[in-house]
Amino acid sequence: MTISYNWLSEYLPVKVEPERLGKILTSIGLEVESLEKYESIKGGLKGLITAEIVECEKHPDADKLKITQVNTGSEILQVVCGAPNAAAGQKVILAMPGTTIYPSEGEPITLKKAKIRGVESNGMICAEDEIGTGSSHDGIMVLPQDTLPGKPAASLFKVYEDHIFEIGLTPNRMDAMSHLGVAKDVCAWLSHHDKKGTTAVVPYKNGFKTNGQPAAVAVKVENAKDCPRYAGISISNIVVGDSPEWLKRRLQSIGIKSISNIVDITNFILHETGQPLHAFDADKITGGTIIVKNLPEGTPFITLDDKERKLSANDLVICNSEKPMCIAGVYGGKESGVTAATKNIFLESAWFSPQSVRKTSLLHGLRTDAATRFEKGVDISNAVAVLKRAAELIVDICGGELNGELVDIYPAPANPVAVGLKFHYLKKLSGKNYHGDAVKNILTSLGFEMIKEGQDELWMNVPFSKPDISIPADIVEEIMRIDGLDNIDIPATINIAPGNETVSESTTLREKLANQLTGLGFNEIFTNSITNSVYYSEETLATAVKMLNNLSADLDILRPNMLHTGLEVIAHNMHRKNSDLLLFENGKTYRNNGENNYEENKHLSLYISGDATPASWNKKSAKADYYFVKGICERILLVAGINNAVFEETTTADMEVAAAIKVKNKTIGFLGAVASGTLKTFGIKQPVFFADIFWEELLEVRKTKTFSYVEVSKYPAVQRDLALVLNSDIGYAQIRKAVTGLNIAQLQTIKLFDIFESDKLGAGKKSMAVNFTFMDSSKTLTDKEIDEMMGKIIGACEKQLGAEIRK
């Protein structure tokens, strides 16, 4: 929110210096993010003076340069000038050495005494674009002949100076989205702290009169729910043209470009009072009637930006008797807008439903100043007062006269919100004892109307300008910010009751696995659970949870899986030359099972791409692959206490090679390589591996496990290797399943350490070498015992897998 100091000061009955005002604004919750000096001509023409060229002759060594003698009013200086129009007798603007000039385009320049083609030059005779007074560079500026040399140039151009506050406005502070609203807050602060009744100077005048004739334009409101109040007045015989200088300066100081007097007045009123207005060309209101209503779905409408938009059936529209003229509270129409030829206008001041305006604004991508204010809730009680203020300004500035009575359609006047505040509640929340009179004075100065006063409580009506206030805690906040949050007493001691919070098993395990992964070189990421529906198939979208009021067209559903938001992060990093990635995320996915039956699932997901281990002086880098991801998953499961998981080949969407992670036929996750087509969607050009652990299923399996601590065995482990010749379609998982099914208590680990394929083994055959580790915690195993166990293993492999033993 941009606030002009000069403009704000018009509504303050006392002068407050900019620095003090900045502290007051921050104190009352309107945090000042910046305070900068504003000049209508950058630099304020400081150091520039008027001068007279008394001599002008051609430069001896340059065809396009001239040597001039310039009278500054106190001395004659020699200046080399390149302007084609420079001539003796001209009154000009001179920048002497040491002066900083601010061109219309480019960076500031500090002038120095210099030699130009061997001739000394003591400054520069200026063109208008060189000092920021215009854009022309056809030649130097020539001033009127009666201009005296030596005068400050700023005195000729009447440089306007101001101070501009940038305020970090919180979304609930609609009442402060105008200069008058801010002034009322400042006056409340001054009244409380300076102990003097200080009231904002309001711009509304009494004595508003029309010509007594019936309204020139009739108004009908068909949708009173979304438009409970609609006011307007007709003004005839206006002249559309430039705005007066004071109005231009007001708007330009807060960054608004002057367009025409009518448009400028509506913008001025918006930033003065916070009430959006709209002016229609009255001669284009067919049938002389304004109708506020909704139109059928898909009705075409051309807006002011010359774009055709298809209206929604929920869009509130201002129509004439034949067609739409304006999207209510959002944007005007091309055909009904005010132009240079407009002679008669109808000026609208209304209150539109915040919900309706916001939905329409987001639907059409029209985030206008008017929509921003309407969607937060403007002051419904002020619509007519603001309309009268604007109408009087238009008559004063644009000429013309009020044509007919003011129309005010307000069938069901809004009742103010009544809120009660108990003083002990105020002390409980604020930590401070406030005197009842101080509380009453603060609230009254903010516009609250006292309706009941008790010994320990106050009841009040909330002003319509503060739509965010509805409960006692809101009132406490108002009191505290005017009194000053820094004024809250800090007690000498603070009593704290120690809590005995039990951390859940889920949280403990999540932290444990996160620490394990970071120890393995992974980085944790947090991605947005709202994502783009274009990533997903129609089948997936059929059960997706769709956003009803999404802020962006690119964020319209809750993610159905964890993959795509992670790929966005990978793409973001790769586009910035960071291609070796080990990432993990604890996140949620969402599903709509129909009839408002929504499902939310937790996941632990891994995203891996590039080098798994970086290169160093004694080893080369190693690329991540499927088996690296599988090893990480095994490590995670082992830390979680699960040592009997199997990996079975499967197929799943968006994956080229995938395996399901199962424990006793229960799937607790999957892993694999992301399909190239999916990677192409994100512009990723290197392999990416993804693993997804279903968190709730992992916890369920973990609950079935019994954890115990045992002494480390003092007896040695024994290892045996076994080479099995098998059919090529048999995988290691089947070997592991066959062996673990024997339930050999002394078998500690099984590891595959070699795969060999050769024609010598026979067609469709391969050899897999497996290592077995045996250990008994009560004794040293004998060769006979180990041979017996190996015999069982060989027998199981031969019987179940048709294996042959390589000797």
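The following paragraphs examine the structure supplied in this document.

The rules behind the values
- Numbering of residues starts from 1 in each chain and follows the order in which that chain's sequence is written.
- Totals for whole chains, interfaces and linings use every residue, but because this is a predicted model, local features are given only for residues with pLDDT of at least 70 and side-chain atom pairs only at 80 or more, for both listing and counting.
- Here the side-chain values reflect all heavy atoms present in the structure, with hydrogen atoms and water set aside.
- A run of DSSP states H or I qualifies as a helix once it reaches four residues; a run of E qualifies as a strand once it reaches two. Both are numbered from the N-terminal end.
- Only protein chains enter the calculation, and the probe is 1.4 Å; a residue is then buried if its accessible area is under 20% of its type maximum, exposed if over 50%, and partly exposed in between.
- Any N or O atom pair separated by 3.5 Å or less is treated as a polar contact, with the protein-specific requirement of one donor-capable and one acceptor-capable atom, and with residues adjacent in sequence counted only for side-chain atom pairs.
- Two residues qualify as a contact provided that any one of their heavy atoms is within 4.5 Å of a heavy atom in the partner residue.
- Pairing between two strands requires that DSSP report at least two bridges joining them.
- Only the stretch in contact is used when fitting a helix axis, every axis being a line fitted to C-alpha atoms; angles between N-to-C directions are given from 0 to 180 degrees.
- Angle categories are assigned with fixed cut-offs, so that under 35 degrees is roughly parallel, over 145 is roughly antiparallel, 65 to 115 is roughly perpendicular, and the rest are oblique.
- Throughout this entry, Asp, Glu, Lys and Arg are counted as charged residues, while Ala, Val, Leu, Ile, Met, Phe, Trp, Tyr, Cys and Pro are counted as nonpolar. The remaining residues, Gly among them, count as polar.
- The disulfide criterion used throughout: a pair of cysteine sulfur atoms within 2.5 Å.
- The salt bridge criterion pairs a side-chain nitrogen of Lys or Arg with a carboxyl oxygen of Asp or Glu, the two atoms within 4 Å.

Some details on the side chain of Asp 611
Part 1: Considering the arrangement of structural elements, one finds Asp 611 in strand β33 (residues 611–613).
Part 2: On the basis of relative accessible area, Asp 611 is assigned to the buried category, the value being 15%.
Part 3: Of the polar contacts made by the side chain of Asp 611, one reaches the side chain of Lys 623; its length is 3.2 Å.

Concerning the environment of Lys 196
Part 1: Within the secondary structure layout, Lys 196 lies in the loop between α4 (179–194) and β13 (218–221).
Part 2: Taking relative accessible area as the criterion, Lys 196 reaches 60% and is therefore assigned exposed.
Part 3: Separated by 97 residues in the primary sequence, Lys 196 and Lys 293 have C-alpha atoms spaced 49 Å apart.
Part 4: Non-local contacts of Lys 196, meaning those with residues more than four positions away in its chain, are made with Leu 190 and Ser 191.

As for the pairing of strand β14 (residues 229–236)
Each regular strand carries side chains that alternate between the two faces of the sheet.
Part 1: By the criterion of burial, β14 is predominantly enclosed, with 8 of the 8 residues buried.
Part 2: Residues of β14 alternate between two faces, with Arg 229, Ala 231, Ile 233 and Ile 235 on one and Tyr 230, Gly 232, Ser 234 and Ser 236 on the opposite face, all of them buried.
Part 3: Sheet topology note: the β14/strand β22 (residues 345–351) ladder contains 7 bridges and is antiparallel. Residue pairing across strands places Ile 233 opposite Leu 347, the latter belonging to β22.

Quick word on the packing of helix α2 (residues 18–27) against α4
Each packed pair of helices is defined by two parameters, the angle between the axes and the distance between the axes.
Part 1: Closest axis-to-axis distance for the α2/α4 pair is 10 Å, and the angle between their directions is 95 degrees. Considered as vectors, α2 and α4 are oriented roughly perpendicular to each other. Between α2, through Arg 20, Leu 21, Ile 24, Leu 25 and Ser 27, and α4, the contact on the second element is made entirely by Val 182, Val 186, Trp 189, Leu 190 and Asp 194.
Part 2: Counted by class, the contact of α2 with α4 contains 7 nonpolar, 1 polar and 2 charged residues.

Structural notes on the state of the cysteines
Part 1: For the structure on display, the rule yields 0 disulfides.
Part 2: Summary of cysteine pairing: Cys 81 is not part of a disulfide, and the nearest cysteine sulfur, belonging to Cys 56, is at 7.2 Å.

Re the pattern of salt bridges
Part 1: Applying the stated rule across the entire model yields 36 salt bridges.
Part 2: Among the ionic pairs, Lys 284 bridges to Asp 281, the shortest N-O distance being 4.0 Å.
Part 3: A relative accessible area of 32% means that Lys 284 is categorised as partly exposed.
Part 4: Of the charged contacts, one joins Glu 634 and Lys 630 as a salt bridge, the two residues approaching to 3.0 Å between their closest N and O atoms. Highlighted residues: Glu 634 and Lys 630, both in helix α16 (residues 626–639), separated by 4 residues, approximately one helical turn.
Part 5: Here the salt bridges do not stand alone but share partners, grouping Arg 173, Asp 175, Asp 185, Lys 466, Glu 478 and Arg 481 into one network.

Some words on the pairing of strand β25 (residues 449–453)
Part 1: With 4 bridges connecting them, β25 and strand β26 (residues 457–461) associate as antiparallel partners. For Glu 449, the partnering residue across the bridge sits in β26 and is Asn 461.
Part 2: Hairpin geometry of β25 and β26 is characterised by an intervening segment of 3 residues between the two adjacent antiparallel strands.

Focus on the environment of Phe 157
Part 1: Mapped onto the fold, Phe 157 is located in helix α3 (residues 154–157).
Part 2: On the basis of relative accessibility, which here comes to 27%, the residue Phe 157 falls in the partly exposed class.
Part 3: Separated by 320 residues in sequence, Phe 157 and Glu 477 place their C-alpha atoms 47 Å apart.
Part 4: With residues up to four places along the chain from it excluded, the contact list for Phe 157 reads Ile 41, Leu 45, Ile 93, Thr 133 and Met 141.

Overview of the environment of Thr 303
Part 1: Examined against the element boundaries, Thr 303 turns out to sit in the loop between β17 (300–302) and β18 (308–310).
Part 2: Each C-alpha atom, one on Thr 303 and one on Val 219, is 22 Å from the other, the two residues being 84 residues apart in sequence.

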